[in-house]
Amino acid sequence: SGCATMPLLYWEKWRKGATTEKTDEIEFDLLQIAHHVLKKWWIIVLVTLVFAVDGYLGSKMLISPKYTTDCRIYIYQKNDKQSVTMDYTNLQIATQICNDCEVIITGQNVTKVVIDNLNLKMSAASLSGRIEVESEANTRILQLKYTDTDPKRAAAILNEICEVAAVQIQDLMAVDAVKTIYEAE
């Protein structure tokens, strides 16, 4: 009598969508997994603390902080015209002068003199790579930035760059004066 009901059971499973083949399904009990994880809570806390301490010590010992200081200089050039307004041509000339000054400031004429004056132990290319020069929009004002690991040294180097650059710009270009608006601190 048990054999007669067997095909009927297969028919009911097949009709409901079940197959007669064995499947490789694995059943997980989430509560049991959570229980096993919570039994090892101290390992989770220990690993977290080890990585936190390692990250903190690594950032303090291996990565040195960088300080960026800045100053602004104004490039003054007399116009043949006595007009006070700045027309488009004067604006283009001011932009070209600022672009030329950027090249002079990061060039070897300035960087080698600064290295010699301050007895720095770096190459001209290394010093030049730490200098950023940006021109303020629609002005003849340049913002100079210098990045270093020591804030006092960064200010001293940038102030020297401003002084040397002012002399070089006046010597090389038809500029009447280069004035420092504010020095690096």
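Quick note: structure is the one above.
Enquirer: Sorry if this is basic, but what is going on with the overall build of the protein here?
Expert: When its secondary structure is counted, the protein shows seven helices and four strands. The order of helices and strands in the protein, counted from the N terminus, is α-α-α-β-α-α-α-β-β-α-β. Residues counted as buried form 26% of the 185 residues belonging to the protein. Taking contacts inside the protein between residues at least 6 apart in sequence as the whole, the part at least 24 apart equals 69%. Of the roughly 13,800 Å² of accessible surface on the protein, a fraction of 57% belongs to carbon and sulfur atoms.

Enquirer: In this structure, what is going on with the nonpolar core? I would like to understand it.
Expert: Of all hydrophobic cores here, the largest spans 33 residues; its most connected members are Ile105, Leu142, Leu144, Ile161 and Ile169. Sorting the residues of this core by element identifies β1 (67–76), α4 (88–105), α5 (108–118), α6 (124–129), β2 (131–135), β3 (141–148) and α7 (151–172) as the ones contributing at least two each. Among the elements that line this core, the one with the most residues is α7, at ten residues. Excluding residues that lie within four positions of it along the chain, isoleucine 105 makes contacts with Ile73, Val110, Thr111, Ile131, Val133, Leu142, Leu144, Ile161, Ala165 and Ile169.

Enquirer: So what exactly am I meant to see when it comes to the pairing of β1 here?
Expert: On a regular strand, one side chain projects to one face of the sheet and the next to the other, so that they alternate. Pairing of β1 with β3, which is carried by eight bridges, proceeds in the antiparallel orientation. Counterpart to threonine 68 in the pairing with β3 is threonine 147. Judged from the five bridges that link them, β1 and strand β4 (residues 177–182) form a sheet pairing that is antiparallel. Residue pairing in the sheet places isoleucine 75 in a bridge with valine 178 of β4.

Enquirer: Sorry if this is basic, but what is going on with the sheet that holds β3 here?
Expert: The strands making up a sheet associate through hydrogen bonds between their backbones, and the pairing can be parallel or antiparallel. Ordered by their spatial adjacency, four strands build an open sheet running β2-β3-β1-β4, and the pairing between neighbours is antiparallel. This sheet does not close on itself; its edge strands, each paired only once, are β2 and β4. Strand-to-strand twist in this sheet, taken as the mean axis angle between neighbours without regard to direction, amounts to 30°. Against the sheet, α7 makes contact with β1, β2, β3 and β4, and its axis sits at roughly 145° relative to β3, the strand it touches most.

Enquirer: So what exactly am I meant to see when it comes to the pattern of salt bridges here?
Expert: Where charged atoms from two side chains of opposite charge approach closely, those side chains can pair. Summed over all chains, the structure comprises two salt bridges. Here arginine 130 and aspartate 148 are joined by a salt bridge, their closest N and O atoms 3.0 Å apart. With a gap of 18 residues between them, arginine 130 in the loop between α6 and β2 and aspartate 148 in strand β3 connect regions that are remote in the sequence. Accessibility expressed as a relative area gives 32% for arginine 130, which makes it partly exposed.

Parameters and conventions
Within each chain, residues carry numbers counting from 1 in the order of the written sequence. Only residues with pLDDT of at least 70 get local features here, since the model is predicted, and only at 80 or more are side-chain atom pairs given and counted; chain-wide, interface and lining totals rely on the full set of residues. Values reported for side chains reflect all heavy atoms of the structure, with hydrogen atoms and water molecules removed beforehand. The helix and strand labels rest on DSSP assignments: H or I over at least four residues marks a helix, E over at least two residues marks a strand, and numbering proceeds from the N terminus. The buried label goes to any residue with under 20% of its type's maximum accessible area, the exposed label to any with over 50%, and the partly exposed label to all in between, with areas taken from a 1.4 Å probe on protein chains only. A contact between two residues is defined here by any heavy atoms of the two lying within 4.5 Å. Here the open area of atoms and residues is found with the Shrake-Rupley method and a 1.4 Å probe, where only the protein chains shown may cover a residue. Side-chain atoms within 4.5 Å are what join buried Ala, Val, Leu, Ile, Met, Phe, Trp, Tyr and Cys residues into a set we call a nonpolar core. Here, a strand pair is defined by DSSP locating no fewer than two bridges between the strands. Angles shown run from 0 to 180 degrees and are taken between the N-to-C directions of axes, each axis being a line fitted to C-alpha atoms and, for helices, limited to the stretch in contact. Salt bridges, as used here, are contacts in which a Lys or Arg side-chain nitrogen is within 4 Å of a carboxyl oxygen on Asp or Glu.

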